[in-house]
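Coordinate analysis (summary)
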Amino acid sequence: MLIRGKRDIPSSEITPESAWFNRRTFVAGLAAAGLVGTARATPQYQITGTGQEELEGVSRGPFNASEPANSYEDITTYNNFYEFGVGKDDPHRNSGSFKPQPWTVRVEGEAEVTGEFDIEGLLSGVGLEERVYRMRCVEAWSMVIPWVGVPLGEVLKRFRPRSRAKYVAFQTVLRPDEMPGQRRRVLRWPYVEGLTIEEATHPLTLLAVGVYGVTLPNQNGAPLRLVVPWKYGFKGIKSIVSIRLQERQPPTSWNISAPQEYGFYANVNPEVDHPRWSQATERRIGSGFSGLFARRIPTQMFNGYADQVAHLYSGLDLRRNY
Ligand SMILES: Nc1nc2c(c(=O)[nH]1)N[C@H]1C(S)=C(S)[C@@H](COP(=O)(O)O)O[C@H]1N2
Ligand SMILES: [Mo]
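Definitions and limits used
Residues numbered from 1 in each chain as written. Chains lettered and ligands numbered in written order. Predicted model: local features only at pLDDT ≥ 70, side-chain atom pairs only at ≥ 80, totals over all residues. Heavy atoms only, no water. Phe/Tyr/Trp six-rings, centres within 6.5 Å; stacked < 30°, edge-to-face > 60°. Buried < 20%, exposed > 50% of the residue type's maximum accessible area, 1.4 Å probe, protein only. Helix = DSSP H or I, 4+ residues; strand = E, 2+ residues; numbered from the N terminus. Lys NZ or Arg CZ within 6 Å of the ring centre and 35° of its normal. Near = heavy atom within 4 Å. Polar contact = N/O pair within 3.5 Å; in protein donor to acceptor, adjacent residues only side chain to side chain. Areas by Shrake-Rupley, 256 points an atom, 1.4 Å probe, with all protein chains shown as cover. Nonpolar A, V, L, I, M, F, W, Y, C, P; charged D, E, K, R; others polar.

1. Things to note about the packing of aromatic side chains
Following the criterion strictly, the structure yields 15 aromatic pairs and no others. Geometrically, the ring pair formed by Phe 98 and Trp 103 is edge-to-face, given 5.9 Å between the ring centres and 65° between the ring planes. Under the relative-accessibility criterion, Trp 103 is labelled buried at 4%. Where Phe 234 meets Tyr 262, the ring centres are 5.5 Å apart and the plane angle is 75°; that geometry is what we call edge-to-face. Note that Phe 234 is positioned in the loop between strand S10 (225-227) and strand S11 (240-246) and Tyr 262 in the loop between helix H7 (253-257) and strand S12 (281-284), a separation of 28 residues in sequence. Take Phe 234 and Tyr 262: they sit in the same class, and that class is buried. For the cation-ring pair, Arg 134 lies above Tyr 305, with the distance from its terminal atom to the ring centre recorded as 4.8 Å. When the ring centre of Phe 264 is taken as reference, the NZ or CZ atom of Lys 235 above it lies at 4.4 Å.

The following block contains the structure:
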């Protein structure tokens, strides 16, 4: 294991030798940890030749969408990541000098275990899963993406959140030298997001480290990003450096920027329009459907995950709490 955290989770909490993520030596690390062979199930989507590291020991998780996945090219060339520019092709063009290694994440606030951890320290002991999710941007386009990650709830519980932990706040890295978009004040930097503790620990919520069986490309939020498939895409904060458990609802970047347009919840809801456009339909991105043939499809309540998540919002007025 090459990468060490500034502080390790006590050995009673984790198996310290479990090492699945390590850009150069993860296969050796897995073999040393005895993990290779325990999770042999292959993901449905895995490609080679991308320049990204292939992830090992990825099992197929639950909740997979039945629609065909978007191509790796669609997923890595049409992005929102304002730290690299506001155009859809800016992130893949401008993120080449971003360095997602080495990386540490601070776990802070209302938990019994806190500190700064490398990624394998943060996620060790939790198995990697492939989850093919429908993703829908607030700008009314959508894709189907085969993520690789771990349920955030499985990660959080190892830090033993206190009962005061009602929300989870996330922060993106601040590196204007490597992120040209951060040199312009299009948003207040660093990008911040938040979830209620019930949302954060819901089994659909992922901390993703890969896509198509390989580590995340920079433009998709390397090395670690949030994926919340029943919410608009902006909740899926990229390149996370801080996870804070707290009692108060945290501020969120798009809500700070335009509160009348973007709320804290941001649940996909075809019945609540954005002030400047309808949310009733979406355009499925894809080389097969581009240009004149762009495919417009109806947007589903909670992006199609209502059976799993509607109970989280019973009694909440979704028009007021958008
Ligand atoms: N740090 C950060 N995270 C971010 C964004 C951003 O600009 N900065 N954009 C969000 C938006 S609006 C969307 S739609 C998704 C896009 O994720 P993708 O490019 O992997 O599809 O990332 C979200 N996460
Ligand atoms: Mo978005």
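After that view, the rundown keeps rolling.
2. Some points on the site of ligand 1
Lining the immediate environment of ligand 1, one finds 16 residues, of which Asn 79, Tyr 82, Glu 83, Gly 236 and Lys 238 sit closest. Side-chain polar atom of Thr 172 to a nitrogen atom of ligand 1: 2.9 Å apart, as the coordinates give it. Contact with the protein chains covers 95% of the free accessible surface of ligand 1, which is 540 Å². Partitioning the shell around ligand 1 into residue classes produces seven nonpolar, six polar and three charged.

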